[in-house]
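The residues making up each chain are set out below.
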Amino acid sequence: MAKQLIDTFARHLPDDIRTAVHDNSAAGTAARYRALGDDYDDYDSLRRLAGAIRQHSIENLDHYLAQAEESLVRNGAKVHFAVTAGDACRTVSDILQRAGVRSVVKSKSMVSEEIHLNAHLAAEGIESVETDLGEYIIQIDGDHPSHIVKPIIHKNRRDIARSFEREGLGDYNDDPAVITRRAREFLRGKYLAAGAGITGANFVVADSGRLVIVTNEGNSRFCLAAAPVHIAIVGIEKVIPSDADLAVLLNLLGRSATGQQLTVYTEFVSGPAPAECSSGQREMHVVFVDNRRTEVLASNCREILRCIRCGACLNVCPVYRQSSGHAYRSIYPGPVGAVLSPLLAGDKFKELADLPKASTLCGACHEVCPVDISIPDLLLRLRDKAHREHIPSPGTPPMGGFAVMGSHPLVWRAAMNFGAAKDYVPMLDKLPIPYLGAWLKTRTLPPWRGGKFRAWMKSRANRKKEEHS
Amino acid sequence: MTAREKIFSALSAALDPLPERAPRPEVPHGVADAKWMASCPDVISLFSERLQEAGTACFESPGDLAAWMASQRPKQIFVPPEYDDLAATLSVAGGVTREYRRDRVNEIDATLTVAAGGIAESGSIVLTDKTSPDRLAALAPWIHVALVRRETVYRSIADALDALPDDPNIIWVTGPSKTADVEGILIQGVHGPGVQACLIC
């Protein structure tokens, strides 16, 4: 029987990975809950305020993006715009080539994953090294991140130790402290030799022209301290009006992502380092990437552009916990990915149109969202879009029979009257009716009660008539 | 059409048809302060308490710092040129250096830098290019000590955001560099300091 692709993936997921993803996600949810509960009596109203700030930002993006550009230029940064993923990659490699840079260090950025920047730079002969520990391991393994905040949630220490051994970073040792220290020593050399540092940005403040970059490891800071050129690749939706809005957004971001009040390093970058500064970037570029965000903004799912990439919806999602991030076959996994990935796929919407169906609509993702995105509503809108575009949906029971019954009262009445016959059919689950067997494997049907409501309505109507006469 | 024009015209096409745009919400000052801030002790006690909760060792006298530094046994410590008195109190095996150079980042394993301020609510240290002009000095060593003046400590995160200095690079440091990428196990000292300290003076 046809299965949804995500089900098929989840079914083949090894038990140890499923357990790792499940436990680590559940721990993330618990840490979030503790951090918010300890510090706020009513964090729901704070989430709603953050959502209102973000909704205002994206619905006035024409204004704020122009203002951000103006402020950044005033601060001494160069601002670039890129419509497509390919444009964005070329913009970055052009900057690097003009500056004569052959090697770059990179801190974690989802938009750079989205545009496949590393592959492009490699093809241009430019070495690009990921410096976030998890992303570095992803890079040496030729793998893909499976979580927005915890990219190697699907790997265990033995996998990593083997990868490090293979890369010549010392003998096999699976102690996380040793793994971390080896990465520290190796990547330090890369930072100091790099000609440019590439980062993302968590927020761009329109009126002050500051990029806000948060990390726990300090890797984006190292990129900006060691390399003479800084390139920030930023989705256009990251812009917010002013520094004061950060009080709400930063307080919710860290707590929602990892249960921290603030991430260890919260960096505000508004321009190149001054001449008297003995380290730091001399040249700063900001590349604003559209890559179909304007299409999302024009759709009835624009609310998803509020997202601040905390990963809380992944951690809490029962489907994500069972299937892991790779099951979503795209850069953004979990509930946010089920909305964003098909939208960002453009003409290839069809290929990811099953993702919005990979949800029970339990609503947990909406409850934890720091910017109050009603993800279940958006999933329903995308299911509707797929239906309108006649995209076939494996794993969904055919509803044609029901449609005929529901639109023909006579057929319906007949079905209600004769439905009781099913109570006398032995081995109902063996009947060649699609999906019935699978459904009955874990359920027992109650005795037939069909038609009772219609009978009650009828007798009620008769009673009323008698009362009136 | 340039890429910029294409993006702005797509933005107009997406936004102009909206019957109305979401209004800008009022963000009252302190709306996201942690609830225990209302009953917090004085700013410096809170700062000291929160620094330690974030994993930053906290000292209020140069003598205490010197004793602790000796116990950490760094190879060599960098102290900025203008802090002779402080340099004199520190005894470190490989001595005190007054110059920080990027070709020596692995030899100088402890540094002292001057912070622009602190944030009591989160136990964060605020560094800027103006006060600590070598970004590597505050990041690359295993042990980093930030010197924070009492009068520069902000009460809350919101207060610090309201008064962000005019500097191309500001960084809030809240504890030692850390990761939990490997199996969710917390490890300190990934790219930045494994030991973070603060001297309040």
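The rules behind the values
Residues numbered from 1 in each chain as written. Chains lettered and ligands numbered in written order. Predicted model: local features only at pLDDT ≥ 70, side-chain atom pairs only at ≥ 80, totals over all residues. Heavy atoms only, no water. Helix = DSSP H or I, 4+ residues; strand = E, 2+ residues; numbered from the N terminus. Buried < 20%, exposed > 50% of the residue type's maximum accessible area, 1.4 Å probe, protein only. Contact = heavy atoms within 4.5 Å. Areas by Shrake-Rupley, 256 points an atom, 1.4 Å probe, with all protein chains shown as cover. Rg over C-alpha atoms; globule rule 2.2 N^0.38 Å. Expected span 1.5 Å × (residues − 1). Arc of directions from axis to C-beta. Pairing = 2+ DSSP bridges. Axes fitted to C-alpha atoms, helices over the stretch in contact; angles between N-to-C directions. Polar contact = N/O pair within 3.5 Å; in protein donor to acceptor, adjacent residues only side chain to side chain. Buried area = accessible area lost by both parts, 1.4 Å probe. Salt bridge = Lys/Arg side-chain N within 4 Å of Asp/Glu carboxyl O. 1 Å grid on protein atoms, 1.4 Å probe; cavity = no way out; pocket = protein on both sides within 12 Å on 5 of 7 lines; lining within 4 Å. Points joined across faces, edges and corners; volume = space filled by probe spheres on them. Nonpolar A, V, L, I, M, F, W, Y, C, P; charged D, E, K, R; others polar. pLDDT = per-residue confidence, 0-100. Core = buried A, V, L, I, M, F, W, Y, C linked by side-chain atoms within 4.5 Å. Left-handed = near helix turned anticlockwise from the far one by under 90°.

## Some details on the overall build of chain A
Looking only at helices and strands, chain A features 23 helices and 10 strands. Dimensions of chain A, computed from C-alpha atoms along their principal axes, come out at roughly 95 × 55 × 45 Å. Here chain A holds 469 residues, and 57% of them are scored as buried. If you take every contact in chain A between residues at least 6 apart in sequence, the share linking residues at least 24 apart comes to 74%. With an accessible surface of roughly 19,700 Å², chain A has 55% of that area assigned to carbon and sulfur atoms.

## Regarding the overall build of chain B
Assigned secondary structure in chain B consists of 5 helices and 12 strands. Against the globule reference of 17 Å for 201 residues, chain B gives a C-alpha radius of gyration of 21 Å, more extended than a compact globule. Taking contacts inside chain B between residues at least 6 apart in sequence as the whole, the part at least 24 apart equals 66%. A total of about 8,200 Å² of accessible surface is found on chain B, and carbon and sulfur atoms cover 52% of it.

## Looking at the side chain of Ser-48 of chain B
All names here are of chain B. Positionally, Ser-48 belongs in helix H2 (residues 43–53). On the basis of relative accessibility, which here comes to 12%, the residue Ser-48 falls in the buried class. In contact with Ser-48, not counting residues within four places along its chain, are Cys-58, Glu-60 and Ile-200.

## Some points on helix H1 (residues 3–15) of chain B
Compared with an ideal rise of 1.5 Å per residue, which puts 13 residues at 18 Å, H1 of chain B spans 18 Å between its outermost C-alpha atoms and is within 8% of the ideal. All of the buried residues in H1 of chain B are Ile-7, Phe-8, Leu-11, Ala-14 and Leu-15 of chain B. Viewed end-on, H1 of chain B has its buried residues packed into an arc of 125°, placing them on one side of the element. The inward-facing, buried residues of H1 of chain B abut helix H3 (43–59), helix H4 (61–74), strand S1 (78–82), strand S10 (283–289) and helix H13 (293–298) of chain A.

## As for the pairing of strand S4 (residues 196–199) of chain A
Residue and element names in this part refer to chain A. Side chains of S4 alternate between two faces, with Ala-196 and Ile-198 and Gly-197 and Thr-199 buried alike. Across 3 bridges, strand S2 (residues 103–106) lies against S4 in parallel orientation. Looking at S4, one finds that Val-105 is bridged to Gly-197.

## Some points on the side chain of Asn-315 of chain A
Residue and element names in this part refer to chain A. Tracing the backbone through its elements, the reader meets Asn-315 in helix H14 (residues 312–316). Relative accessible area serves as the criterion here: at 0%, Asn-315 is assigned to the buried category. If sequence neighbours within four positions are ignored, Asn-315 has contacts with Ser-25, Ala-26, Gly-28, Thr-29, His-147, Lys-150, Ala-257 and Arg-321.

## Some details on the sheet that holds strand S7 (residues 143–148) of chain B
Residue and element names in this part refer to chain B. An order of S1-S12-S7-S4-S2-S3 is seen for the 6 strands of this open sheet, with the pairing classed as parallel. Every other strand in the sheet has two partners, leaving strand S1 (56–59) and strand S3 (96–97) as the edge strands with one partner each. With 5 bridges joining them, strand S4 (residues 110–114) and S7 adopt parallel strand pairing. Bridge assignment links Thr-113 to a residue of S7, and that residue is Ala-146. Packing of helix H3 (residues 62–72) onto the sheet brings it into contact with S1, strand S2 (77–78), S4, S7 and strand S12 (195–200), and relative to S7 it is tilted by some 175°.

## Quick notes on the environment of Ser-122 of chain B
Within the element layout of this structure, Ser-122 of chain B appears in the loop between strand S5 (117–119) and strand S6 (124–128). Ser-122 of chain B gets classed as buried once you look at its relative accessible area, which sits at 1%. When neighbours within four sequence positions are excluded, Ser-122 of chain B is seen to be in contact with Gln-261 and Leu-262 of chain A together with Arg-50, Ala-54, Ile-157 and Thr-174 of chain B. One polar contact links Ser-122 of chain B to Ser-124 of chain B, side chain to side chain, over a distance of 2.7 Å.

## Quick notes on the interface of chain B and chain A
The interface of chain B with chain A comprises 70 residues on the first partner and 94 residues on the second. Contact between chain B and chain A buries roughly 6,800 Å² in total, counting both sides, with carbon and sulfur atoms accounting for 60%. Interface area lost by chain B to chain A is led by Arg-135, Asp-181 and His-191 of chain B, which between them contribute 12%. Here chain B and chain A share 5 salt bridges between them.

## Section: empty space enclosed by the protein
All names here are of chain A. Applying the stated criterion to the full structure yields 3 cavities of 30 Å³ or more. Taken together, 16 residues make up the lining of the largest cavity; nearest its centre are Cys-317, Pro-335, Ser-359, Cys-365 and Leu-379. Every element with two or more residues in the lining of the largest cavity is listed here: helix H15 (318–323), helix H16 (334–344), helix H18 (364–368) and helix H19 (375–388). Taken as a whole, the second largest cavity encloses approximately 100 Å³ of empty space. Residue lining of the second largest cavity: 15 residues in total, with Cys-307, Cys-310, Cys-313, Cys-369 and Pro-370 positioned closest to the centre. Looking at the lining of the second largest cavity, its residues break down into 13 nonpolar, 1 polar and 1 charged.

## A few points about H3 of chain B
Residues and elements named next belong to chain B. All buried positions along H3 are accounted for by Leu-65, Ala-66, Trp-68 and Met-69. Buried residues in H3 make contact with S1, S2, helix H4 (84–89), S4, S7 and S12. Note on H3: the residue one or two positions beyond its end, Arg-73, has a positive phi of about 50°.

## Digging into the confidence of the model for chain B
The predicted coordinates ought not to be read in detail in places where the model reports low pLDDT. When pLDDT is averaged along chain B, the result is 95; 100% of the residues meet or exceed 70. If you check the scores for this complex, the pTM reads 0.92 and the ipTM reads 0.97.

## Here we look at the sheet that holds strand S7 (residues 229–235) of chain A
Residue and element names in this part refer to chain A. The parallel open sheet is built from 6 strands, whose spatial order is S1-S10-S7-S4-S2-S3. On the outer flanks of this sheet lie S1 and strand S3 (127–130), each paired with one strand and no other. For this sheet, the mean angle separating the axes of adjacent strands, direction not counted, is 20°. Bridge count for S1 against S10 is 5 bridges, and the pairing is parallel. Residue Lys-78 lies in a different strand from S10, and its bridge partner there is His-285.

## Here we look at the nonpolar core
Ranked by internal contacts, the top residues of the largest apolar core, which has 159 residues, are Leu-65, Phe-164 and Phe-288 of chain A together with Trp-172 of chain B. Considering each element in turn, this core owes the most residues, 8 residues, to helix H12 (residues 246–258) of chain A. Core analysis: the next-biggest nonpolar cluster, separate from the first, contains 21 residues, Tyr-83, Leu-90, Ala-110 and Val-145 of chain B among them.

## With respect to the packing of helix H9 (residues 157–166) of chain A against helix H10 (residues 176–193) of chain A
Residues and elements named next belong to chain A. Contact pair H9 / H10: the axes reach a minimum separation of 10 Å and the direction vectors enclose 35°. Here H9 runs over H10; the crossing is left-handed. Along its contact with H9, which presents Arg-157, Ile-160, Ala-161 and Phe-164, the element H10 presents Pro-176, Ile-179, Arg-182 and Ala-183. Grouping the constituent residues of the contact of H9 with H10 by class yields 6 nonpolar, no polar and 2 charged.

## Notes on the layout of surface pockets
Residues and elements named next belong to chain A. Put simply, the largest pocket is a space of about 2,000 Å³. Lining the largest pocket are 50 residues, with Pro-397, Pro-434, Tyr-435, Leu-436 and Trp-439 positioned closest to its centre. Breaking the lining of the largest pocket down by element, the ones donating at least two residues are helix H1 (5–11), H15, H19, helix H20 (400–407), helix H21 (409–418) and helix H22 (436–441). Tallied by class, residues from the lining of the largest pocket come to 28 nonpolar, 14 polar and 8 charged.

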